[in-house]
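# Architecture and fold: a report
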Amino acid sequence: MTDPSYHRQILVLTYPLIGNYGVPTEDEFDENNIIKNFESNNKIWVSGLIVGELCDTPSHWRLKYKLSEWMEKHNIAGISGIDTRALTKNIRENGTILGKIIQQPSGPFLGLEFKDQNAKNLVAEVSTKKIVTYNPNGSPRICVVDCGLKLNQIRCFVNRGARVDIVPWDHVLHPDQFDGLFLSNGPGDPAKCHKTVKNIQHVLISDDEKPIFGICLGHQLLATAVGCKTYKLKYGNRGHNLPALHHGTSRCFMTSQNHGFAVDVSLIDQTNFEPLFTNLNDESNEG
């Protein structure tokens, strides 16, 4: 719920009972001033939450809020008593759909308007507005393009001793100012991030070669920068234990995924690039 990749999305949880652990405190930070228990600083990014059954009596030693209390504090709508497995089956058969949570038992729903959130530049809405540095005396120096990053990505770098410079999605990149470039995950259509793609291409053609890593949306932007196209998946690849084949070794990795767009590798420059991972469920590219 605090992952910026879910910005402007209604999240449906299929597990039958939700909220039995409650929510921990929001003001607990680690030694690097990174909030401990969430993936963004004091922010719920989902637009709404749909669950089958909500636990009103959570029990956990770190409990600070009930789930409903926490959502009310952040002004996020939620609804329970829904057959979430039937709803998920509907989505799986018909594809990702637009939806609204309405506090009205039956129609007609006059003046109801649906807008496709992917028509917006969602990355610009979630990205940092200024440069933020963690572990300033660390090494190597990693430049992170914030397209909607999760805090645990910062933790993973800092725990390995790196200096991390978080920059906005449209920040002009200078290879002489970092040892490695990290392109984060994020919400929405990668085609909306023209500026990010141009900045990545500037790094790719530079004589000052630096390693680049893209995850999720970051991978799609990197692939776009080298000439591939992206397309919207009917369902999206979301969940745990999704099989991805590693080319070269033919090993199958069980992965966690959350992406609604994918890379079309049919246009890949085969003299310089090759697919690394392929999703075994739908043959979409995963690296």
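Given the structure is predicted, the values throughout are model-derived calculations rather than measurements.

This paragraph deals with helix α5 (residues 194-204). One turn of the α-helix equals 3.6 residues, which is why residues spaced by three or four share an orientation. Within the span of α5, buried status applies to T196, V197, N199, I200 and V203. All buried residues of α5 fall inside an arc of 160 degrees around its axis, so they share one side. Within α5, the exposed residues directed more than 90 degrees away from the buried face are H194 and K198. Where α5 is buried, its residues meet β7 (141-145), β9 (180-183), β10 (212-214) and α6 (217-225).

The next point concerns the sheet that holds strand β1 (residues 10-12). With respect to topology, three strands assemble into an open sheet ordered β1-β3-β5, the strand pairing being parallel. On the outer flanks of this sheet lie β1 and β5 (77-79), each paired with one strand and no other. On average, adjacent strands in this sheet sit at an angle of 15 degrees to one another, irrespective of strand direction. Relative to strand β3 (residues 48-50), β1 runs parallel, the two sharing three bridges. Looking at β3, one finds that L11 is bridged to L49.

For the peptide bond that leads from G107 to P108, omega is 5 degrees, which places it in the cis range. As for its placement among the helices and strands, P108 is situated in the loop between α2 (84-94) and α3 (122-126). Backbone torsion omega between S139 and P140 reads 0 degrees, so that peptide bond is classified as cis. One non-glycine residue, N135, lies in the positive phi region at around 50 degrees. As for its position among the elements, N135 is in the loop between β6 (132-134) and β7. The backbone phi angle of S250 is positive, close to 60 degrees, even though this residue is not glycine. Topologically, S250 is positioned in the loop between β11 (229-246) and β12 (251-264).

Rules and cut-offs
- The residue count restarts for each chain, going from 1 along the sequence in the order it is written.
- Reporting of local features is limited, given that this is a predicted model, to residues whose pLDDT is at least 70; pairs of side-chain atoms are given and counted only at 80 or more, and all residues count toward the totals for whole chains, interfaces and linings.
- Hydrogens and water are ignored here; the side-chain numbers use all heavy atoms of the structure.
- Buried residues are those whose accessible area, probed at 1.4 Å on protein chains only, stays under 20% of the maximum for their type, while exposed residues exceed 50% and partly exposed ones sit between those limits.
- A run of H or I in DSSP counts as a helix once it spans at least four residues, and a run of E counts as a strand once it spans at least two, with each numbered from the N terminus.
- When we speak of the arc, we mean the arc of directions from the helix axis to the C-beta atoms.
- Here a residue-residue contact requires only that any non-hydrogen atoms of the pair lie within 4.5 Å.
- Should DSSP find at least two bridges between two strands, the strands are taken to pair.
- All axes here are fitted lines through C-alpha atoms, helices being fitted over the stretch that makes contact, and every angle between N-to-C directions spans 0 to 180 degrees.

Read these as spatial facts, not as claims about activity.
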